[in-house]
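# Coordinate inspection notes
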Amino acid sequence: MAIETLTRPCLRQVTPYLPGKPIGEVRRELGLRKKVYKLASNENPLGAAPRAVRELRRCAAESYFYPEGASPLLRDALAKHLGVTSSQVIIGNGSDEIIRLLCEAFLSPDDEVVVSQYGFIRFRQQALLMGAKVIEIPMTDWTHDLKTMARAVSARTKLMFIASPNNPTGTYNTREELKELLESVPSTVVVGLDEAYFHFAAADDDYPNSVREFLPKYSNLAILRTFSKAYGLAGLRVGYAAADSELIGWLDRIRMPFNVSLPAQRAAAEALKDSAFVRRSVALVKKNRNQLAQGLRDRDFRVIDSAANFLFVESPGTGWDIFSRLLGFGVIVRPLDEYGLTRHLRISVGTSQAQNALFDGLEKALARP
Ligand SMILES: Cc1ncc(COP(=O)(O)O)c(C=O)c1O
């Protein structure tokens, strides 16, 4: 008997997430001894927050202990940082785990989830795993169309996901757009507002401080953030949500008992104090993002304005072809076929050295027939 027939039927429509191609894999496949640059997973070009690295060294020998299950020190530190109570915060194994917890907590088979067509693909994948029906609303100018998303809410809708700034398009929704959405969506629909790239957009005038401005008013809102981007800790897997304490209580009930490792909890708490590192990261991203955009425009790519640490671009060839050719020159970018976007690429902002390697690679790749 085929094992497939034993699986839950909803699993069969789920395609696994395709992560950015790892550097080690490229070296193994191509036998490259030269440097490989990864501009495929929106990692921090400055590396990890130094305070976090020092803490990792300090606590390495304590790894024989189980961690405290609910990450209390990090939770308290974050609550203070955000100006909320600890009961309004949950720590996840990456914000990816929080996406999963929201789906597991609220979705039964045939419930509806409203997402945007090119919104972060994990929303869709996770909702499908629960047997839910995904309602995909087209974008306007590569941006979530919140008015139409609000209108798509039906009696069956339990969840809505918004990423702002969004991955892969890099666009965000303004304070006014979000306010209007939160006002119009009934409180029976949980709104997951994913702000993984918060720090890169936070200085823009019309980008809201959602924790301060929205959280006190909307008990159906969960704001998701991560230590993977501005703090440079993607490999540790730490993310979090801030929401009404009752909502957090339900997520807390179903998370894995020791979902965040001891070193990860400790390092993230130290990273939170490293505001100088975050400032440097954001400044570097903004500077290099302009250089990256210009260099790509000069090479016939159409670049969409981005508020995040990556660019969403339409390429002169198919995305997959450019991705494959660049691999040969030791540069990894991200094709977007899983979104059905065959002419687009997502390219992370990198160090000047990595971006120059990309430009060199493109010169050679585009010159070849
Ligand atoms: C919009 C968005 N949300 C969530 C995540 C997951 O981040 P993590 O699980 O590393 O916190 C990512 C990762 O790239 C992302 O782009």
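Residues numbered from 1 in each chain as written. Predicted model: local features only at pLDDT ≥ 70, side-chain atom pairs only at ≥ 80, totals over all residues. Heavy atoms only, no water.

Turning our attention to the overall build of the protein chain. Scanning the protein chain from terminus to terminus reveals 14 helices and 13 strands. In terms of overall dimensions, the protein chain has C-alpha extents of about 60 × 55 × 50 Å along its principal axes. Looking at the 369 residues of the protein chain, the share that counts as buried comes to 55%. Considering only contacts in the protein chain between residues 6 or more positions apart, those separated by 24 or more positions represent 73%. For the protein chain, the computed accessible surface area is about 16,500 Å², with 53% contributed by carbon and sulfur atoms. (Helix = DSSP H or I, 4+ residues; strand = E, 2+ residues; numbered from the N terminus. Buried < 20%, exposed > 50% of the residue type's maximum accessible area, 1.4 Å probe, protein only. Contact = heavy atoms within 4.5 Å. Areas by Shrake-Rupley, 256 points an atom, 1.4 Å probe, with all protein chains shown as cover.)

This brings us to the pairing of strand 8 (residues 239-243). Across the five residues that make up strand 8, a large majority, five, are buried. Going residue by residue along strand 8, you find G239, A241 and A243 tucked away on one face and Y240 and A242 tucked away on the opposite face as well. One ladder, built from four bridges, connects strand 2 (residues 89-92) with strand 8; its direction is antiparallel. Each bridged residue has a counterpart across the sheet, and for I90 the counterpart in strand 8 is A241. Here five bridges tie strand 7 (residues 221-226) to strand 8, and the two strands are oriented antiparallel to one another. Each residue of the ladder has a partner; that of L224, found in strand 8, is A241. (Pairing = 2+ DSSP bridges.)

What follows deals with the sheet that holds strand 3 (residues 112-116). What the seven strands build is an open sheet, ordered 2-8-7-6-5-3-4; its pairing is mixed. Edge strands, defined here as strands with exactly one partner in the open sheet, are strand 2 and strand 4 (133-137). In this sheet, neighbouring strand axes are inclined to one another by 20° on average, regardless of whether the strands run parallel or antiparallel. Here strand 3 runs beside strand 4; their pairing, made up of five bridges, is parallel. The residue bridging V113 from the neighbouring strand is V134, located in strand 4. Taken strand by strand, helix 10 (residues 245-254) contacts strand 2, strand 6 (190-194), strand 7 and strand 8, and its axis lies near 140° from that of strand 8. (Axes fitted to C-alpha atoms, helices over the stretch in contact; angles between N-to-C directions.)

This brings us to unusual backbone geometry. S164 connects to P165 through a cis peptide bond whose omega is -5°. For P165, the location among the structural elements is in the loop between strand 5 (157-163) and helix 7 (175-184). A cis amide bond links N167 with the next residue in sequence, P168, at an omega value of 20°. For P168, the location among the structural elements is in the loop between strand 5 and helix 7. Backbone geometry places D141, a non-glycine residue, at a positive phi of 50°. On the basis of relative accessibility, which here comes to 67%, the residue D141 falls in the exposed class.

By size, the foremost hydrophobic cluster in this structure holds 81 residues, and its most contacted members are M160, I162, L221, F227, L296, I347 and L358. For this core, the leading source of residues is helix 12 (residues 275-298), giving seven residues. Among residues more than four places away in sequence, those in contact with I162 are F123, H144, L146, M149, N173, L178, L181, V191, G192, L193 and D194. Counting residues in hydrophobic clusters, the runner-up holds 36 residues, among them L107, V115, L159 and L247. (Core = buried A, V, L, I, M, F, W, Y, C linked by side-chain atoms within 4.5 Å.)

This part is about the site of the ligand. If you check the shell around the ligand, you find G94, S95, D96, F120, N167, D194, A196, Y197, T226, S228, K229 and R237 and nothing else. Separating an oxygen atom of the ligand from a side-chain N or O atom of Y197 is a distance of 2.7 Å. Looking at the shell around the ligand residue by residue, the class counts come to three nonpolar, five polar and four charged. (Near = heavy atom within 4 Å. Polar contact = N/O pair within 3.5 Å; in protein donor to acceptor, adjacent residues only side chain to side chain. Nonpolar A, V, L, I, M, F, W, Y, C, P; charged D, E, K, R; others polar.)

Per the stated rule, a full pass over the model turns up 23 salt bridges. Notably, a salt bridge pairs R266 with E62, separated by 3.1 Å at the nearest N-O pair. With R266 in helix 11 (residues 262-273) and E62 in the loop between helix 2 (50-59) and helix 3 (72-82), the pair connects residues that are 204 residues apart, well separated along the chain. A residue is classified by how much of its surface remains accessible, and R266, at 26% relative accessible area, is partly exposed. Here E180 ties to K147 by a salt bridge, and the two come within 3.3 Å at their closest N and O atoms. (Salt bridge = Lys/Arg side-chain N within 4 Å of Asp/Glu carboxyl O.)

What follows deals with helix 5 (residues 121-129). For helix 5, a buried count of eight out of nine residues is recorded, marking the element as mostly surrounded by other parts of the structure. Of the positions making up helix 5, those classed as buried are I121, R122, F123, Q125, Q126, A127, L128 and L129. At its buried positions, helix 5 is contacted by helix 4 (95-106), strand 3, strand 4, strand 5 and strand 6. Two residues or fewer after helix 5 comes G131, characterised by a positive phi angle close to 80°.

Right, let's get into the packing of helix 3 against helix 11. Relative placement of two packed helices is described by the angle separating their axes and the distance separating the axes. Viewed as axis vectors pointing N to C, helix 3 and helix 11 meet at an angle of 20°, and their least axial separation amounts to 9 Å. Judged by the inter-axis angle, helix 3 sits roughly parallel to helix 11. Seen along the crossing, helix 3 lies across helix 11 with a hand that is left-handed. Between helix 3, through P72, L74, A77, L78 and H81, and helix 11, the contact on the second element is made entirely by Q265, A268, A269 and L272. Of the residues belonging to the contact of helix 3 with helix 11, the class tally is seven nonpolar, two polar and no charged. (Parallel < 35°, antiparallel > 145°, perpendicular 65-115°, else oblique. Left-handed = near helix turned anticlockwise from the far one by under 90°.)

This part covers the side chain of E97. Within the fold, E97 resides in helix 4. With no salt bridge to any partner, buried E97 finds its closest opposite charge in R255, at an N-O distance of 6.8 Å. A polar side-chain atom of E97 sits 2.6 Å from the main-chain amide nitrogen of N93. Setting aside anything within four residues of it in sequence, one finds E97 in contact with G92, R255, M256 and N259. (Lys, Arg positive; Asp, Glu negative; His and termini not counted.)

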